[in-house]
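Given next are the chains, with one letter for each unit.
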Amino acid sequence: MSGAGMPGVQRLQFFLSESPWEVEQVNARRLELLREQSATAPHDGGVIVVDASGDRKDGTATANVGRQWLGRYGKTDNGIVTVTTVWTDGRVYYPLHATPYTPALHFSRVRSDPAFRTKPQPAAALAVRGKETGFGCRAVVADCAYSVSDDWHLALREAGLAYVVALKPHRGTWARTDQPHTPIEAAHALTWRDAKRPGVGPQSPSPDIALDGGMHHSHRR
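Described in the following lines is the structure provided in the data block.

How each quantity is defined
- Residues numbered from 1 in each chain as written.
- Predicted model: local features only at pLDDT ≥ 70, side-chain atom pairs only at ≥ 80, totals over all residues.
- Heavy atoms only, no water.
- Phe/Tyr/Trp six-rings, centres within 6.5 Å; stacked < 30°, edge-to-face > 60°.
- Helix = DSSP H or I, 4+ residues; strand = E, 2+ residues; numbered from the N terminus.
- Buried < 20%, exposed > 50% of the residue type's maximum accessible area, 1.4 Å probe, protein only.
- Contact = heavy atoms within 4.5 Å.
- Polar contact = N/O pair within 3.5 Å; in protein donor to acceptor, adjacent residues only side chain to side chain.

A few words on the packing of aromatic side chains. Applying the stated criterion to the full structure yields seven aromatic pairs. With centroids separated by 6.0 Å and ring planes inclined at 70°, the aromatic side chains of Tyr94 and Phe135 adopt a geometry described as edge-to-face. Of this pair, Tyr94 sits in strand β4 (residues 93-100) while Phe135 is found in the loop between α3 (120-132) and β5 (139-142), placing the two residues 41 residues apart along the sequence. For the pair Tyr94 and Phe135, one class covers both residues: buried.

Looking at where Asp89 falls in the secondary structure, it is placed in the loop between β3 (75-88) and β4. Judged by relative accessible area, which is 24%, Asp89 ranks as partly exposed. The spacing of Asp89 and Asp44 is 45 residues in sequence and 9.1 Å in space, taken between C-alpha atoms. When near neighbours in sequence (up to four residues on either side) are disregarded, Asp89 contacts His43 and Gly46. Within the local environment of Asp89, its side chain forms a polar contact with the side chain of His43, the two groups lying 2.9 Å apart. Here the side chain of Asp89 touches Val92 through a polar contact of 3.0 Å, landing on its backbone nitrogen.

On their own, these measurements won't tell you what the molecule is for.
Below you can see the structure in the form of structure tokens.
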């Protein structure tokens with residue numbers, strides 16, 4: 001690679017791979033600087049976005065590596081998945097915290113092992129940590145992978161965090177009896193019929209359901 005042998009590049013490589021630097025201290029200092037600058041200071045109008053990103057990794061010796069779903073590639077493969085949180089207000093965005101996900105195969109009792117955690121559990125912990133670190137938000141936002149986890153919902157409720165989460169097509173949510181309970185039902189309610197019945201009326205989705213690139217619902221304690 002061009003420039004790989006230059007002193008500046010070598011110093012950076014040594015710092016990342018050999019120096020006894022503490023990642024948590026470096027990250028804490030980074031977040032402190034973000035809070036202090038008016039251009040990047042967090043406020044309660046932003047959101048904390050939760051996501052998990054996977055990368056392929058050959059072999060089995062690396063910590064947390066295993067055969068698992070890698071969303072980036074759209075398939076199950078050998079790799080490492082990292083659960084992350086990002087703060088954004090639509091104007092600026094930056095990462096907050098990250099933690100590697102440990103697949104069930106690393107535990108003696110696999111998924112029934114008391115120490116095993118599904119992805120939504122560390123994701124909820126990171127969202128709560130973001131709030132405690134000073135990054136307030138209107139809501140925690142996540143995709144449909146988190147909508148089926150009761151642990152995720154409960155952890156956010158206990159922390160007083162509202163959430164907006166995508167729903168799987170047939171995943172139901174609380175609503176009045178005469179209102180749609182699933183994304184499929186909401187889509188049918190919004191379907192154009194004719195000028196007199198355009199799909200907007202008594203059977204339209206409740207305010208807790210929105211059609212915007214997927215169905216979402218929110219909860220505030």
